[in-house]
Amino acid sequence: MILRKIQAGSCRAWLSRVSLRQQELCFSSSVPSQPVPPLAQTLQAYLKALEPLLPPEELSHTRRMVQEFGRPGGLGPQLQEGLEKRARHTKNWISPWWVQWAYLEGRQPLPVHSNPAISLPRRDYNGWRSQLVCVQTDRSRSGLQGQNQHFFQLEVYNSDGSRMTESQIHSQLLRIRSQSWKTDKEPMGILTSEHRHTWGQAYNRLLRDKLNKESVRLIESGLFSLCLDSPVMRISDEKYASRKAAQILHGGGTFSNSGNRWFDKTLQFVVGEDGSWGLLYEQATAEGPPIAALLDHVLDYCEKPDPKRAPLVPLPMPKKLYFHIDREIKRDIEHAKQNLDILINDLDVNVFNFKRFGKDLPKQHKLSPHSFIQVALQLAYYRVHNEVCAACDIVSQRMFRGGRTEYIRSPTSQTLKFILAFDDSSVTREAKLQLFREAVDAYAALTDQAFKGHGIERHLLGLKLQAIEEGRSIPKIFMDTAYGLATHWKLRTGQVPANTDSVMCFGPLVPDGYSVCYNPQADHVHFSITAFNCCEETHAETFAVTLKDTLCQLQELLQPTV
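Each chain carries its own residue numbering, running from 1 in the direction its sequence is written. Given that the model is predicted, a residue must reach a pLDDT of at least 70 before its local features are reported, and side-chain atom pairs must reach 80 or more before they are shown or counted; all residues, however, enter totals for whole chains, interfaces and linings. Here the side-chain values reflect all heavy atoms present in the structure, with hydrogen atoms and water set aside.

A.B. asks: Looking at this structure, how should I read the overall build of the protein chain?
C.D. replies: Secondary structure elements follow DSSP: runs of H or I of four or more residues count as helices, runs of E of two or more count as strands, with numbering from the N terminus. For the protein chain, the count of helices and strands is 19 helices and 14 strands. Burial status across the protein chain gives 55% buried among its 562 residues. A simple rule labels every residue: compare its accessible area, found with a 1.4 Å probe on the protein chains alone, to the largest value its type can have, and call it buried under 20%, exposed over 50%, or partly exposed in between.

Structure representation (structure tokens):
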């Protein structure tokens, strides 16, 4: 369903946009610029981050290389000067580069590899009639609906400029259902799941036809997509949460609901017949914290009944979007279906609610809940793989003008010391507890640095891209094997707190890695863990079981029962 601006409200909409732009300019003037961290500070922090990952001889080699890079008058200070100049003349010195490098230049498929999903608690209904009643809308003007692989454009403003009531939207959804009860033979949305280069070629072929070009234009101009999904395939109650999160993430496959998606859309709201629902988003223009805030608003809005009575105005029929599918496009669709099913079958998803304790327990012991969980993740990884690994923790930089995200690197040296001592029976409980506190506090200090704009990951990336911008060779420290090892993120993690029992889900960054996302509540924590089946060493369920056990043992460390 595509919700679009209509002529009757165009003047008011323009005035609204001008007002919002003025508010944005006023607000942005009070928001500080993202700082360029001091070069020496970043290089020192980089070496400290390498200590738990490298043997001494390799670390010594890298230390000499970093010292050469950072010496006065050397390449590092020259690139630093370029970054500082860039920061003085741009809204944000790193965000445009980050969006281009991380999202726009990425060639992997958007589902699993890039687009995160948020799975919401199952609603208490079953069947398509209740599914349509559940669909609520915010004060937006446009959206696209996908059901049974059909796409429809749906206006949500009346011809007199008034916003449609919930009963009117429900009537329109009934009309859409009556036109889409059979599954479309050719799921056009599947094309958007392809490798970006492949989809780009198919996109150009698709737009050679005028009908296709207009349908794609309507899809792209809609504010968001609403996907009305068939039920999640249910195996057991225990695995339902994992299946539900996976379906929102990628649609469940070409024989399920993947054909309802248009993965290029910034926002896709998913509502299933069985009470499953959530949101999928594309990261180039959106990220976790504002999306979580948007969902909180939507959920709050859904609890308030709309007292408006439907005006006596005729409702236009929702517009079904048609495509002319020639032999080449049909071939593209078949290839996309095969590739998406391979990708989906390769992804292992495990979602669970850890109920023993939540963020209140660490707080009672004056420990950061976020840092507590990060140390627990490293300990769980070590127990499964008998080694620590390079991990990145995504934190927001939205406190800065135009800020996006930063990575916090782990493990720290303090975390490694704690991990090595934890299962050593010769180390006393008191010593373990002290090491644990030091590990948590060290990670909390890194988090604090990142929130102040003094993280190292975006700064290092900026130095590398500044060299490329100036036409230089890539500096040797970025060609070093240590840098490759330290950026092979086997643990991709993110805390996305929300006011509801939701959980975010996304795929690992590397074939032999995991992604872990969590939403800590007062007395429980929601986790999602993903891994790829193609890697024999990683298994999401094994990691989940180990993490649960690790969290319980950390609770015992803080609150011994004997």
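A.B. asks: Sorry, what's going on with unusual backbone geometry here?
C.D. replies: The bulk of non-glycine residues show a negative phi, and the bulk of peptide bonds are trans. Of the consecutive residues Ser410 and Pro411, the connecting peptide bond is found in the cis state with omega at 10°. Here Lys366, not a glycine, exhibits a phi torsion of approximately 55°, which is positive. The residue Lys366 is located in the loop between helix H13 (360-364) and helix H14 (369-385) in this model.

A.B. asks: Is there a simple way to explain the pattern of salt bridges in this structure?
C.D. replies: Charged atoms that come close allow side chains of opposite charge to pair. Basic side-chain nitrogens of Lys or Arg form a salt bridge, by our definition, when they fall within 4 Å of a carboxyl oxygen of Asp or Glu. Taken as a whole, this structure holds 18 salt bridges when the rule is applied. Lys330 is the salt-bridge partner of Glu186, the closest N and O atoms lying 2.6 Å from each other. Within this pair, whereas Glu186 is found in the loop between helix H7 (166-179) and helix H8 (196-206), its partner Lys330 is found in helix H12 (residues 327-346), the two being separated by 144 residues in sequence. Under the relative-accessibility criterion, Glu186 is labelled buried at 13%. With a shortest N-O distance of 2.6 Å, Arg409 and Glu457 are connected by a salt bridge. Of this pair, Arg409 sits in strand S10 (residues 405-410) while Glu457 sits in helix H17 (residues 457-469); the two residues are 48 residues apart in sequence, bridging distant segments of the chain. Residue class for Arg409 comes out buried when judged on its relative accessible area of 8%. The buried category is assigned to Glu457, whose relative accessible area is 7%. Among the charged side chains, a network of salt bridges with common partners joins Arg205, Arg331 and Asp332.

A.B. asks: What exactly am I supposed to notice about the packing of aromatic side chains here?
C.D. replies: Here the distance between the centres and the angle between the planes together describe a pair of aromatic rings. Two rings belonging to Phe, Tyr or Trp (six-membered ring only in the last case) form a pair when the distance between their centres is within 6.5 Å. Interplanar angles under 30 degrees mark stacking, angles over 60 mark edge-to-face geometry, and anything in between is tilted. For the structure on display, the rule yields 20 aromatic pairs. Here the aromatic rings of Tyr407 and Trp489 are separated by 5.6 Å at their centres, their planes lie at 80°, and the arrangement is edge-to-face. Linking Tyr407 in strand S10 with Trp489 in the loop between helix H18 (481-486) and strand S11 (491-495), this pair joins segments that are 82 residues apart in sequence. The buried category is assigned to Tyr407, whose relative accessible area is 12%. Judged by centre distance (5.1 Å) and plane angle (80°), the rings of Phe478 and Tyr483 are edge-to-face. Phe478 gets classed as buried once you look at its relative accessible area, which sits at 6%. A connected cluster of aromatic rings, assembled from ring pairs, spans Phe354, Phe357, Phe372, Phe418, Phe422 and Phe436. The ring of Phe422 carries the charged tip of Lys432 above its face, separated from the ring centre by 5.8 Å. Definition used: whenever NZ (Lys) or CZ (Arg) falls within 6 Å of the ring centre and also within 35 degrees of the ring normal, the charge is taken to sit over that ring. The aromatic ring of Phe506 is capped on one face by Arg492, whose charged end is 4.3 Å from the ring centroid.

A.B. asks: Quick question: what am I supposed to make of a nonpolar patch on the surface here?
C.D. replies: Patch membership is restricted to residues that have no salt bridge and whose relative accessible area is over 30%. Joining uses 9 Å for like charges and 5 Å for the nonpolar side chains Val, Leu, Ile, Met, Phe, Trp and Tyr. To be clear on the numbers: accessible area is Shrake-Rupley with a 1.4 Å probe, and residue cover counts the displayed protein chains and nothing else. A cluster of nonpolar side chains, contributed by Ile468, Ile474 and Met479, occupies part of the molecular surface with about 290 Å² of accessible area. Relative to the helices and strands, Ile468 is located in helix H17. Ile468 sits in the partly exposed class, given a relative accessible area of 45%.

A.B. asks: It is not clear to me how H8 should be interpreted in this structure. Could you clarify?
C.D. replies: For an α-helix the count is 3.6 residues per turn, leaving residues at separations of three or four pointing the same way. Restricting attention to buried positions, one finds in H8 the residues Arg196, Trp199, Ala202, Arg205 and Leu206. Contact partners of the buried residues in H8: helix H9 (210-221) and H12. In what follows, a contact means two residues having at least one pair of non-hydrogen atoms within 4.5 Å.

A.B. asks: Would you take a moment to explain the packing of helix H16 (residues 429-451) against helix H19 (residues 540-558) for this structure?
C.D. replies: When two helices pack together, their arrangement is given by the angle between the helix axes and the distance between those axes. Interaxial distance between H16 and H19 falls to 10 Å at its minimum, and their mutual angle equals 110°. By the angle class used here, H16 and H19 are roughly perpendicular. By crossing handedness, the relation of H16 to H19 is classed as left-handed. Contact residues: H16 offers Arg429, Lys432, Leu433 and Phe436, while H19 offers Leu554, Leu557 and Leu558. An axis is simply a line fitted to the C-alpha atoms; with a helix, the fit covers only the stretch in contact. Between two such axes, the angle follows the N-to-C directions and lies from 0 to 180 degrees. Oblique is the label for any angle not under 35 degrees, not over 145, and not in the 65 to 115 range, which are roughly parallel, roughly antiparallel and roughly perpendicular in turn. Each crossing gets its handedness from the near helix: less than a right angle anticlockwise from the far helix is left-handed, clockwise is right-handed.

A.B. asks: How should I be thinking about the nonpolar core in this particular structure?
C.D. replies: Here is a general trend for soluble globular proteins: nonpolar side chains tend to be buried in one another's company. Nine residue types can take part in a nonpolar core, namely buried Ala, Val, Leu, Ile, Met, Phe, Trp, Tyr and Cys, and a core is a set of them joined through side-chain atoms within 4.5 Å. Judged by nonpolar contacts, the single largest core of 79 residues is most densely connected at Phe418, Phe436 and Phe527. Apart from residues no more than four positions distant in its own chain, Phe527 is found in contact with Asn350, Val351, Phe352, Phe354, Ile373, Val503, Val516, Cys517, Tyr518, Leu547 and Leu551. Residues Leu110, Phe151, Met188 and Leu206 belong to the second largest nonpolar core, which totals 36 residues.

A.B. asks: Honestly, the sheet that holds strand S9 (residues 391-396) in this entry has me stumped. Any pointers?
C.D. replies: Adjacent strands of a sheet pair through backbone hydrogen bonds, lying either parallel or antiparallel. If you trace the six strands from one edge of the open sheet to the other, you get S8-S14-S13-S11-S9-S10, paired in mixed fashion. Single-partner strands in this sheet number two, and they are strand S8 (347-354) and S10. Neighbour to neighbour, the strand axes of the sheet diverge by 20° on average, direction disregarded. Lying over the sheet, H14 contacts S9, S10, S11, strand S13 (514-520) and strand S14 (525-532), oriented at roughly 145° with respect to S13. At least two DSSP bridges between two strands are needed for those strands to be called paired.

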